[in-house]
Amino acid sequence: EPDGTERVLYDPQSGTTRGPALNAFSVSPDGKTVGFTSATGGSEVGNIRFIDADTGKFLNDVLEPVWGQFPPAWLDERTVAFTQMAPLGSNPDALLNMSARVHRLGGSTSAPILGAG
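Read on for an overview of the structure. Just so it is clear, the structure is predicted and the values come from calculations on it, not from any experiment. (Residues numbered from 1 in each chain as written. Predicted model: local features only at pLDDT ≥ 70, side-chain atom pairs only at ≥ 80, totals over all residues. Heavy atoms only, no water.)

1. Focus: the overall build of the chain
Link 1 in the chain: Regarding its fold elements, the chain presents zero helices and eight strands.
Link 2 in the chain: The secondary structure elements of the chain, listed N-terminal to C-terminal, are β-β-β-β-β-β-β-β.
Link 3 in the chain: C-alpha atoms of the chain, sized along the principal axes, occupy 45 × 35 × 20 Å.
Link 4 in the chain: Of all 117 residues assigned to the chain, the portion counted as buried reaches 32%.
Link 5 in the chain: A fraction of 30% describes how many contacts in the chain between residues 6 or more apart in sequence connect residues 24 or more apart.
Link 6 in the chain: If you average the places of the 8 positive and of the 13 negative side-chain charges in the chain, the two averages end up 6 Å apart. (Helix = DSSP H or I, 4+ residues; strand = E, 2+ residues; numbered from the N terminus. Buried < 20%, exposed > 50% of the residue type's maximum accessible area, 1.4 Å probe, protein only. Contact = heavy atoms within 4.5 Å. Lys, Arg positive; Asp, Glu negative; His and termini not counted. Charge placed at Lys NZ, Arg CZ, Asp CG, Glu CD.)

2. Focus on the packing of aromatic side chains
Link 1 in the chain: Applying the stated criterion across every chain, the model contains four aromatic pairs.
Link 2 in the chain: With a centroid separation of 6.1 Å and 85° between ring planes, the pair formed by Y10 and F58 is classed as edge-to-face. Pair noted here: Y10 is in the segment before strand 1 (21–27) and F58 is in strand 4 (residues 58–67), with a separation of 48 residues, a long-range link.
Link 3 in the chain: Judged by centre distance (6.1 Å) and plane angle (55°), the ring pair of F36 and F58 falls under tilted. On the criterion of sequence distance, the pair formed by F36 in strand 2 (residues 33–39) and F58 in strand 4 is long-range, its members being 22 residues apart.
Link 4 in the chain: On the basis of relative accessible area, F36 is assigned to the buried category, the value being 3%.
Link 5 in the chain: An aromatic cluster is present here, built from Y10, F36 and F58 joined pairwise through their rings. (Phe/Tyr/Trp six-rings, centres within 6.5 Å; stacked < 30°, edge-to-face > 60°.)

3. As for the pattern of salt bridges
Link 1 in the chain: For the structure shown, the criterion picks out one salt bridge.
Link 2 in the chain: Residues R104 and D76 are paired through a salt bridge, measuring 3.4 Å at the closest nitrogen-oxygen approach. Here the residue R104 occupies a position in strand 7 (residues 99–104), and D76 occupies one in strand 5 (residues 73–76), the gap between them amounting to 28 residues.
Link 3 in the chain: When its relative accessible area of 41% is taken as the criterion, R104 is described as partly exposed. (Salt bridge = Lys/Arg side-chain N within 4 Å of Asp/Glu carboxyl O.)

4. Comments concerning the sheet that holds strand 2
Link 1 in the chain: Taking strand neighbours across the sheet as the criterion, the four strands line up as 1-2-3-4 in an open arrangement whose pairing is antiparallel. The open sheet terminates on both sides in strands that have one partner only, identified here as strand 1 and strand 4. Pairwise comparison of adjacent strand axes, ignoring direction, gives a mean angle of 25° for this sheet.
Link 2 in the chain: Sheet topology note: the strand 2/strand 3 (residues 45–52) ladder contains six bridges and is antiparallel. Note that in strand 3 the partner of F36 across the bridge is R49. (Pairing = 2+ DSSP bridges. Axes fitted to C-alpha atoms, helices over the stretch in contact; angles between N-to-C directions.)

5. Focus on the sheet that holds strand 6 (residues 79–84)
Link 1 in the chain: The strand order across the open sheet built from four strands is 5-6-7-8, with neighbouring strands paired in antiparallel fashion. Looking along the sheet, the strands with just one partner apiece sit at the ends: strand 5 and strand 8 (114–115).
Link 2 in the chain: Where strand 6 and strand 7 come together, six bridges link them in antiparallel fashion. When the bridges of strand 7 are listed, Q84 appears paired with S99.

Shown next as structure tokens:
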């Protein structure tokens, strides 16, 4: 908070059911949005979600499937570059055929700009 106090935005252990584990995160340049990768069941493959830092509410954007250690890279306050994996089950090696894409929060995701496709 502006006065130096801390506030929890996401806690996978809160509530009655355990939520997805937090793998990596990054904060938008203006500090208003946090993007993070999470996965369930100990998996390293999951999704990227976004939280509004002012309200603590999740945005509707969900990017998947992604490798858990690859957080979104902010290009500006509302746009991220990220690495998307090939659809699960399409290849025995989950790390093959990944591609870099660009996503605008509240908008669309680009076709691959680098990598497979």
